[in-house]
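Chain and residue survey
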Amino acid sequence: EADIYQTPRYLVIGTGKKITLECSQTMGHDKMYWYQQDPGMELHLIHYSYGVNSTEKGDLSSESTVSRIRTEHFPLTLESARPSHTSQYLCASRKETGQNYGYTFGSGTRLTVV
Amino acid sequence: DQQVKQNSPSLSVQEGRISILNCDYTNSMFDYFLWYKKYPAEGPTFLISISSIKDKNEDGRFTVFLNKSAKHLSLHIVPSQPGDSAVYFCAASRYNYGQNFVFGPGTRLSVLP
């Protein structure tokens, strides 16, 4: 059973539309992340948050925005979608105790802008 | 400039044999490394990690080796199974400095029956 949920799994949308990709986790993790991945390419960090009311831009410039009003929720918004935004978007959260310092990823949202 | 490189985009291995996936990094300050596996249409799942204070970490069929002087790590899967067919990502971080992880482009492993 997934502990981090992303919706929708697939989205096809027209240019200029506003969209919000949802991400929720039930693990109580403080740190959450959004990655963007094109086929055959590395995961690029576009946004991250270290807790409520904390948001930072990642290594890859993105026209999207994020918010973190609740610990469990980290939505990503595109105000005006463009074909260049077509990609897979992966949400992740991280725990920092125990041996595993790694991320738990959601199943991703594959976005196509036409 | 890619900080984490996986120079083999794909690898095919017979079932039961060893799979060796390689990863090179450029930043000698990286101190923590992760391997993830990704099936199509799913998010990556954590496989195994290694800290720079170690040169080997084992978990079942999966072993990660770290060669700090060569800035190289490798993931060994023994024996390989058809269910291991997936894309494998290597990730690195200056974890003790609070940096986020940088991911490589991935290697697609196909385990042939």
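First, a word on scope: everything that follows refers to the structure included in this document.

Calculation rules
Along each chain, the written sequence defines residue order, and numbers are assigned to residues from 1. The lettering of chains begins at A and the numbering of ligands begins at 1, in the order of writing. Residue-level local features of this predicted model are given only where pLDDT is at least 70; pairs of side-chain atoms are given and counted only at 80 or more, and the full residue set underlies all totals for whole chains, interfaces and linings. Values shown for side chains rest on all heavy atoms present in the structure; no hydrogens or waters enter the calculation. Helix and strand definitions follow DSSP, with helices as H or I runs of at least four residues and strands as E runs of at least two, each counted in order from the N terminus. Any residue under 20% of the maximum accessible area for its type is buried, any over 50% is exposed, and the rest in between are partly exposed; the area is computed with a 1.4 Å probe on protein chains only. For this analysis, residues touch if any pair of their heavy atoms sits within 4.5 Å. The method behind every accessible area is Shrake-Rupley, applied with a 1.4 Å probe, and residues are considered shielded solely by the protein chains displayed. The convention is simple: Lys and Arg are positive, Asp and Glu are negative, and His and the chain ends are not counted. For charged residues, the charge sits on one atom: NZ in Lys, CZ in Arg, CG in Asp, CD in Glu. Two strands are said to pair when DSSP picks up at least two bridges between them. Take the buried Ala, Val, Leu, Ile, Met, Phe, Trp, Tyr and Cys residues and link them wherever side-chain atoms come within 4.5 Å; each set so joined is a nonpolar core. Buried area is understood as the total, over both parts, of accessible area removed when two parts are fitted together, assessed with a 1.4 Å probe. Salt bridges are defined by distance alone: a side-chain nitrogen of Lys or Arg within 4 Å of a carboxyl oxygen of Asp or Glu. The term polar contact refers here to a pair of N or O atoms within 3.5 Å; inside protein, the definition further demands a hydrogen-donor-capable atom paired with an acceptor-capable atom, and it admits residues adjacent in sequence only when both atoms are side-chain atoms. Here the nonpolar group is Ala, Val, Leu, Ile, Met, Phe, Trp, Tyr, Cys and Pro; Asp, Glu, Lys and Arg are the charged ones; every other residue, Gly included, is treated as polar. Cysteine sulfur pairs qualify as disulfides if the two atoms are within 2.5 Å.

With that settled, consider the overall build of chain B. When helices and strands are tallied, chain B shows zero helices and eleven strands. Mapped in sequence order, the helices and strands of chain B form the string β-β-β-β-β-β-β-β-β-β-β. In terms of overall dimensions, chain B has a C-alpha envelope of 45 × 25 × 20 Å along the principal axes. Taken over 113 residues, chain B has a buried fraction of 50%. For chain B, long-range pairs separated by at least 24 residues make up 55% of all intrachain contacts whose partners lie at least 6 apart in sequence. Only carbon and sulfur atoms are counted for the fraction: they give 48% of the accessible area of chain B, which is about 5,300 Å². On chain B, the mean spot of the 11 positive side-chain charges and the mean spot of the 9 negative ones are 3 Å from each other.

This paragraph deals with the sheet that holds strand S3 (residues 19-25) of chain B. All names here are of chain B. Strand order in the open sheet formed by five strands is S1-S3-S8-S7-S6, and the pairing between neighbours is antiparallel. The strands lining the two open edges of the sheet, one partner per strand, are strand S1 (4-5) and strand S6 (56-59). Sheet analysis places S1 next to S3, joined by two bridges and oriented antiparallel. Across the sheet, the residue bridging to Val4 is Tyr25, located in S3.

Time to look at the nonpolar core. All names here are of chain B. In this structure, Phe33, Trp35, Leu73, Leu75 and Tyr88 are the most contacted members of the largest nonpolar core, which totals 24 residues. Those elements that provide at least two residues to this core are S3, strand S4 (32-38), strand S5 (45-51), strand S7 (62-67), strand S8 (72-77), strand S9 (86-93) and strand S11 (107-112). Per-element accounting of this core gives the leading share, four residues, to S9. Leaving out residues up to four positions away in the same chain, Phe33 has contacts with Tyr25, Ile48, Ser49, Ile50, Leu66, Leu73, Ala91 and Ala92.

All right, on to the interface of chain A and chain B then. Interfaces are often sized by the amount of accessible area the parts lose when they come together. At the junction of the two partners, chain A supplies 24 residues and chain B supplies 20 residues. Buried area between chain A and chain B, both sides added, is near 1,800 Å², and the carbon and sulfur share of it is 50%. In this assembly, chain A and chain B are joined by zero salt bridges. Connecting chain A to chain B are five residue pairs in polar contact (both at pLDDT 80 or more). Listed by contribution, the elements that provide at least two residues to the side of chain A that touches chain B are strand S4 (31-37), strand S5 (44-51), strand S9 (87-94) and strand S10 (103-105) of chain A. When its residues are assigned to classes, the side of chain A that touches chain B shows twelve nonpolar, eight polar and four charged.

All names here are of chain A. Per the counting criterion, the structure on display carries two disulfides over all chains. Residue pairing for Cys23: its cysteine sulfur links by disulfide to Cys91, the two sulfurs lying 1.9 Å apart. Classification of the bridge connecting Cys23 and Cys91 rests on its S-S torsion, roughly -75°, and on that basis the disulfide is left-handed. With Cys23 in strand S3 (residues 19-25) and Cys91 in strand S9, this pair connects stretches of sequence that are 68 residues apart. Comparing Cys23 with Cys91 shows no difference in burial state: the two are buried.

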